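Examining the three-dimensional arrangement
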Amino acid sequence: MMQLYYASTSAYVRKVMVTAHCLGLLDEITLLASAAHPIERDERIASINPLAKVPALRTETDLCLYDSRVICEYLNARAQGNLLPAHGESRWVSLARQALGDGLIDAALLARYEFSARPAEKQWPGWADAQLKKVSAALGEIERQVVGFNTLPDDIGLIAIGCALGYLDFRFAGMNWSKQHPLTAAWFAIFDAHPAMAATRPH
C-alpha cells in the first residue's frame, strides 16, 4: 500500500485525492494523519518530505514523493492514465492550467497565513492584499478560458483549477468570487458535483 500524509483542508491534498479517485487508486492508498503548519513543524510528515508539507507520499518500494504535481504525475503513470496528455499542444495547455490553479492556491494560502499564522503586531495587510490581487487575476483568466473547459475531472489542469475554486469557497467564502465570474461559477457547479470532487470537499 502507498502511504499519504493527508489533511482534508488542503487543496493540494484534495488534488491528489481527486486524481487517485479518477484513476481508481483509492484502495491502494493508506491515509496518515498530519498537522502541517507553516510554523509548527510536523516531524511525521518530515519522515517523507523534509519540507514537512502535505501532500507527501511513500510508495511500497519506499520511494518518497512530495509536491502535488509530482505525486499526481506518479499516480497517472502508475495507473497508465490520461490525466496528463503525453504529447503536443494539449500537454502544454494542461500543464499551464495546472500552474494557474496551483498559483491561485499559493496566493490564497499566503493571504490566509498572513492573518492566521502571524501575530497581530506583525501582520502586513498590504502583503495579503497583493496576494488577493493575484487571486483576482487568476479568476479573471479562468473566466476567459472556461468556455473551453470540460465538465469532467479528466485533466490535471482542470482538477487543479477545480480544487483552487473549492479552496476559495472553503476559506474565503466572503469573497463571493462566483458573483463576478458567472461563467466559471456555472462550470464549477457541474464540475464540483462529480463524485471525485464531491467525495473530497474540504471539511
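What counts as what
- Residues numbered from 1 in each chain as written.
- Predicted model: local features only at pLDDT ≥ 70, side-chain atom pairs only at ≥ 80, totals over all residues.
- Heavy atoms only, no water.
- Salt bridge = Lys/Arg side-chain N within 4 Å of Asp/Glu carboxyl O.
- Helix = DSSP H or I, 4+ residues; strand = E, 2+ residues; numbered from the N terminus.
- Buried < 20%, exposed > 50% of the residue type's maximum accessible area, 1.4 Å probe, protein only.
- Pairing = 2+ DSSP bridges.
- Right-handed = clockwise from strand over helix to strand, strands pointing away.
- Expected span 1.5 Å × (residues − 1).
- Contact = heavy atoms within 4.5 Å.
- Polar contact = N/O pair within 3.5 Å; in protein donor to acceptor, adjacent residues only side chain to side chain.
- 1 Å grid on protein atoms, 1.4 Å probe; cavity = no way out; pocket = protein on both sides within 12 Å on 5 of 7 lines; lining within 4 Å.
- Points joined across faces, edges and corners; volume = space filled by probe spheres on them.
- Nonpolar A, V, L, I, M, F, W, Y, C, P; charged D, E, K, R; others polar.

Description of the pattern of salt bridges
Opposite charge on two side chains makes pairing possible when the charged atoms of those side chains draw close. Counted according to the given criterion, the structure contains 11 salt bridges. Of the charged contacts, one joins Glu28 and Arg78 as a salt bridge, the two residues approaching to 2.9 Å between their closest N and O atoms. Placement of Glu28 in the loop between helix 1 (11-23) and strand 2 (29-33) and of Arg78 in helix 3 (residues 68-78) is noted, with a sequence separation of 50 residues between them. Judged by relative accessible area, which is 29%, Arg78 ranks as partly exposed.

Digging into the pairing of strand 1 (residues 2-6)
Residues in a regular strand project their side chains so that they alternate between the two faces of the sheet. Two elements, strand 1 and strand 2, share 5 bridges in a ladder whose sense is parallel. Bridge pairing in strand 2 places Met2 opposite Ile29. Once the chain exits strand 1 it traverses helix 1 before rejoining the sheet at strand 2, and the crossover so formed is right-handed. Bridge analysis of strand 1 against strand 3 (residues 56-58) gives 3 bridges, and the strand direction is antiparallel. Across the sheet, residue Gln3 finds its bridge partner in strand 3, namely Arg58.

Some words on helix 1
End to end, helix 1 covers 18 Å across 13 residues, agreeing with the expected 18 Å (1.5 Å per residue, within 8%). For helix 1, a buried count of 11 out of 13 residues is recorded, marking the element as mostly surrounded by other parts of the structure. Listing the buried residues of helix 1 in full gives Ala11, Tyr12, Val13, Arg14, Lys15, Val16, Met17, Val18, Thr19, Ala20 and Leu23. The secondary structure elements touched by the buried residues of helix 1 are strand 1, strand 2, helix 3, helix 4 (88-116), helix 6 (156-171) and helix 9 (195-198). Two or three places before Tyr12, at the start of helix 1, stands the capping residue Ser10, its side-chain oxygen 3.2 Å from that residue's backbone nitrogen. Within two residues after helix 1, Gly24 carries a phi angle of roughly 75°, on the positive side.

Describing the layout of surface pockets
Quantified by volume, the largest pocket comes out at close to 900 Å³. Lining the largest pocket are 35 residues; nearest its centre among them are Ala36, Lys53, Val54, Leu109 and Tyr113. The leading source of residues in the lining of the largest pocket is helix 4, at 8 residues. When the residues that make up the lining of the largest pocket are grouped by side-chain class, the tally is 18 nonpolar, 7 polar and 10 charged.

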